[in-house]
Structure formats: C-alpha cells, structure tokens
Amino acid sequence: EAGVTQFPSHSVIEKGQTVTLRCDPISGHDNLYWYRRVMGKEIKFLLHFVKESKQDESGMPNNRFLAERTGGTYSTLKVQPAELEDSGVYFCASSHGLNTEAFFGQGTRLTVV
Amino acid sequence: AQRVTQPEKLLSVFKGAPVELKCNYSYSGSPELFWYVQYSRQRLQLLLRHISRESIKGFTADLNKGETSFHLKKPFAQEEDSAMYYCALVPAGNNRKLIWGLGTSLAVNP
C-alpha cells in the first residue's frame, strides 16, 4: 500500500513568489493534516481536513496560506506571496478515523530566499 | 496552555546502556500522549501511544499524571535506535491535532 506522498520534496523560491505543495494521503483516509516545522521550533499544526471539509484551520499562520482538498482526495497548500519566515518543512499526515494512527509523508522542505 | 517539553535536544549514550528520553506536558485535562520517531532519511512514524501500553522495539513509556510526564525508556540501547524522537499530545475531545515537543536527537554510540 502506498504511503502518504508529498510533492515536491524540496522547493527553493524567492520572496514574493507563489508555491504550491501537494499531499496525496493514503487511499481511503478521510482525515488529512498539515503541519509545519520551522527551524529551531516545534512542529506546529496548520489544519485538518475531514474529506473535503476544513475541520480545523486554527493553525494557519495568515491569509497568505490557502489549503484545499477538492473531492476529498489529495490536498494542496498554497503560499502566496511567500515570505522568508515561511521557510521550513511542511508535513502532511492522514488517518482513516479520528482515533486511528496518523501516517506521515516525507515532508516538503521549503526555502524562501 | 497546552505544551509539550522535551528538555534534552541531544542525548548521547553507548550501545547497551539504558536510555531515557524525557517528556513533560502541560494540559489541564486528560490528553492522549504519543512518541514519534524519525530515523535518518525516513518519515515520521508512530512509536508508542500511551493508551496502547505496548512495548515497541524495546521502548516503553508510562504516563505519570501526577508528574505530567511521559518519559520514553529502553533498558539497553542499540545503534539502530539513533534517531530523532518527538513527544506529542492530543487534547481530549474531537480535535485530533498533535501538539509537539521540540524533539530529542538520540545518538547511540558503538
């Protein structure tokens, strides 16, 4: 069974540009989570989808971040325009149910220069 | 405030020595506690959850509500245990977001 897949694995963009990260969850997993780890800080929750609906987006830093999960399958996280402080590793995780194990992708390392 | 504290950024032990990775949490209710591990060049994966009361790869962790701790222990460390270990909690209720500690890098030396 394929695990959670994230694209790209690395992205280097200039300040002001737009970047879109993609996450393909495990097939059949209704729950999809985005997390971010900024260097030197804890991994922080960004948001949680249940199917195509945003269950909790309390962790989204600001309105430069837009997450979507059209059709309840893969999800995208767009940063527009990117700022230097957006650099970090963005993790996606999925789970079948709320109380079941969440499986993580390998992460996307975003560097804004 | 909900918080997870891992006081050690780096822990270095010799193979065969006991290891304890500390985790303390701050939460007013009854959280669910987890340990995640990330081996070199691999993805984050669940190691233990306190409700399972399992021993995985020789690791155990006991939730101590009085001390608000969930320390990870292994009596005899192996070189393959070298990895980044994260303690995390999920608050009670339907919100399943993980609240993470900073992580502890464990190095097991031969």
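Numbering of residues starts from 1 in each chain and follows the order in which that chain's sequence is written. Naming scheme: in the order in which they are written, chains are lettered from A and ligands are numbered from 1. Note on the predicted model: pLDDT of at least 70 is required for a residue's local features to be given, and 80 or more for side-chain atom pairs to be given and counted; whole-chain, interface and lining totals, by contrast, use all residues. Each side-chain value is worked out from all heavy atoms of the structure, with water and hydrogens disregarded.

(A) Quick look at the overall build of chain A. Strands are runs of DSSP state E lasting at least two residues, helices are runs of H or I lasting at least four, and both sets are numbered from the N terminus onward. If you tally the helices and strands in chain A, you get zero helices and eleven strands. Listing every helix and strand of chain A by position from the N terminus yields β-β-β-β-β-β-β-β-β-β-β. In terms of overall size, chain A behaves like a compact globule, its C-alpha atoms giving a radius of gyration of 13 Å where 113 residues would be expected to give roughly 13 Å. Summarising its shape, the C-alpha atoms of chain A cover approximately 40 × 25 × 25 Å along the three principal directions. Among the 113 residues that make up chain A, the fraction classed as buried is 48%. The long-range share in chain A, meaning contacts at least 24 apart out of those at least 6 apart in sequence, stands at 52%. On chain A, roughly 5,500 Å² of surface is accessible, and the fraction owed to carbon and sulfur atoms is 50%. Measuring between centres, the 12 positive side-chain charges of chain A sit 4 Å from its 13 negative side-chain charges. Radius of gyration here is computed from C-alpha atoms only, and the compact-globule reference equals 2.2 Å multiplied by the residue count raised to the power 0.38. When accessible area is computed with a 1.4 Å probe and restricted to protein chains, residues below 20% of their type maximum are described as buried, those above 50% as exposed, and intermediate ones as partly exposed. Contacts are assigned to residue pairs that have any heavy atoms within 4.5 Å of one another. Only the protein chains shown count as cover for residues, with accessible areas throughout obtained via the Shrake-Rupley method and a probe of 1.4 Å. Residues scored as positive are Lys and Arg, those scored as negative are Asp and Glu, and His as well as the terminal groups of each chain are ignored. Think of each charge as sitting on NZ of Lys, CZ of Arg, CG of Asp or CD of Glu.

(B) Main features of the sheet that holds strand β7 (residues 60–61) of chain B. Residue and element names in this part refer to chain B. Pairs of strands are assigned from DSSP output, requiring at least two bridges between the strands. Strand order in the open sheet formed by three strands is β3-β8-β7, and the pairing between neighbours is antiparallel. Either end of the sheet is taken by a strand with one partner, and the two such strands are β3 (19–21) and β7. Here two bridges tie β7 to strand β8 (residues 72–74), and the two strands are oriented antiparallel to one another. In the sheet register, Thr60 faces β8, and the bridge partner there is Lys73.

(C) Region of the structure containing unusual backbone geometry. Note that the residue after A:Phe7, namely A:Pro8, is joined by a cis bond; omega there is -15°. Within the secondary structure, A:Pro8 sits in the loop between β1 (5–7) and β2 (10–13). Residue A:Pro81 is reached from A:Gln80 by a cis peptide bond, and omega for that bond is -10°. Here A:Pro81 shows up in the loop between β8 (75–79) and β9 (88–95). In this structure, A:Lys51 is a non-glycine residue whose phi angle is positive, near 55°. Position of A:Lys51 among the secondary structure elements: in the loop between β5 (43–50) and β6 (53–56). The partly exposed category is assigned to A:Lys51, whose relative accessible area is 44%. Positive phi, close to 65°, is recorded for B:Arg41, a residue that is not glycine. Here B:Arg41 shows up in the loop between β5 (32–38) and β6 (45–49).

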